[in-house]
Amino acid sequence: SSWYLMAGDESALPAIAASLEAVPPGRPVLAVLLVDDDDHELPLDSPGELELTWVHRSDHADPSLAFLAAVESLAFPTGTVSAFVHGEAAETRAVRRHLLADRAMDRDAMSVSPYWRRGQTDEAWRQVKRDWMAAVEHDVRVTAVPGPSAVLTALAVSGLPVDRFCFEGFLPRKAGERGRRLAS
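Below you will find a few notes about this structure.

## Quick look at the overall build of the chain
Item 1. Helix and strand counts for the chain come out as 6 helices and 5 strands.
Item 2. For the chain, buried positions account for 38% of its 184 residues.
Item 3. Across the chain, every contact between residues at least 6 apart in sequence was considered, and the portion connecting residues at least 24 apart equals 58%.
Item 4. Surface accessibility of the chain: about 10,800 Å² in total, with carbon and sulfur atoms responsible for 53%.

Written out as structure tokens, the structure reads:
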């Protein structure tokens, strides 16, 4: 690669810091890091030509949009790129879409991994991550197909809090029975 792009949040910071130290001397590297505020910034160094952008959640009503906007605003060097984008699921997906659609980046030149998902526990995220990643790979929305296994997929992509969930079966088809079940 003739240059590097690294983007992520606090969950990716250790990997990005280690990767920055391994960049060959003089090689351009653009890094966009999302943290709560300037108190959460860490000193980072690289033998490469580092252009570092910190995005502070505390400065924005929607920090995920600010993170994407920071990546979108970068002036990319010419040549082949190696991209590393890790962090929250929706944020990494948005950056991935931008890199593929707007920057015509080669999928094979990117490492994109959602370490976690807002609104989900680690356990809940682990249960749906494989399906979510498959959908991201095809860059399509996950659609729940009717049936018992669709419930977790639908819940996972809904964005609803999943710290507590109980599936008690499907509602009856007949309106009267359905109304009684809902009322109970």
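Still to come is the rest of the account.
## As for the sheet that holds strand E5 (residues 110-116)
Within a beta sheet, neighbouring strands are joined by backbone hydrogen bonds and run either parallel or antiparallel to one another.
Item 1. In space, the 5 strands of this open sheet follow the order E3-E2-E1-E4-E5, with parallel pairing throughout. If you trace the sheet from one side to the other, it starts and ends with strand E3 (49-56) and E5, each paired once. On average, adjacent strands in this sheet sit at an angle of 10° to one another, irrespective of strand direction.
Item 2. Where helix H2 (residues 63-72) meets the sheet, it contacts strand E1 (3-9), strand E2 (28-35) and E3, and its direction lies at approximately 170° from that of E2.
Item 3. Here helix H3 (residues 89-102) sits on the sheet in contact with E1, E2, strand E4 (81-88) and E5, set at roughly 155° to E4.

## Let's talk about the nonpolar core
Generally speaking, a soluble globular protein has its nonpolar side chains buried in company with each other.
Item 1. Counting 22 residues, the largest nonpolar core has Leu5, Val32, Val95, Leu99, Met105 and Met110 as its most contacted members.
Item 2. Elements with a contribution of two residues or more to this core: E1, E2, H2, E4, H3 and E5.
Item 3. If one sorts the elements of this core by residue count, H2 sits on top with 5 residues.
Item 4. Beyond its immediate chain neighbours, meaning those up to four positions away, Val95 contacts Phe67, Leu68, Val71 and Val85.

## Regarding the packing of H3 against helix H4 (residues 122-138)
Item 1. Two elements in contact, H3 and H4, have axes whose closest approach is 12 Å; the angle formed by their N-to-C orientations is 10°. Judged by the angle between their axes, H3 and H4 are roughly parallel. Between H3, through Ala89, Ala90, Arg93 and Arg96, and H4, the contact on the second element is made entirely by Trp125, Trp132, Ala135, Val136 and Glu137.
Item 2. Within the contact of H3 with H4, the residues separate by chemical class into 6 nonpolar, no polar and 3 charged.

## Considering the packing of aromatic side chains
Item 1. Scanning all chains against the criterion turns up 2 aromatic pairs.
Item 2. Ring geometry for Trp125 against Trp132: centres 5.5 Å apart, planes inclined by 70°, an arrangement best described as edge-to-face.
Item 3. In this structure Trp125 comes out as buried when scored by relative accessible area, which is 3%.

So, how was this worked out
- Residues numbered from 1 in each chain as written.
- Predicted model: local features only at pLDDT ≥ 70, side-chain atom pairs only at ≥ 80, totals over all residues.
- Heavy atoms only, no water.
- Helix = DSSP H or I, 4+ residues; strand = E, 2+ residues; numbered from the N terminus.
- Buried < 20%, exposed > 50% of the residue type's maximum accessible area, 1.4 Å probe, protein only.
- Contact = heavy atoms within 4.5 Å.
- Areas by Shrake-Rupley, 256 points an atom, 1.4 Å probe, with all protein chains shown as cover.
- Pairing = 2+ DSSP bridges.
- Axes fitted to C-alpha atoms, helices over the stretch in contact; angles between N-to-C directions.
- Core = buried A, V, L, I, M, F, W, Y, C linked by side-chain atoms within 4.5 Å.
- Parallel < 35°, antiparallel > 145°, perpendicular 65-115°, else oblique.
- Nonpolar A, V, L, I, M, F, W, Y, C, P; charged D, E, K, R; others polar.
- Phe/Tyr/Trp six-rings, centres within 6.5 Å; stacked < 30°, edge-to-face > 60°.

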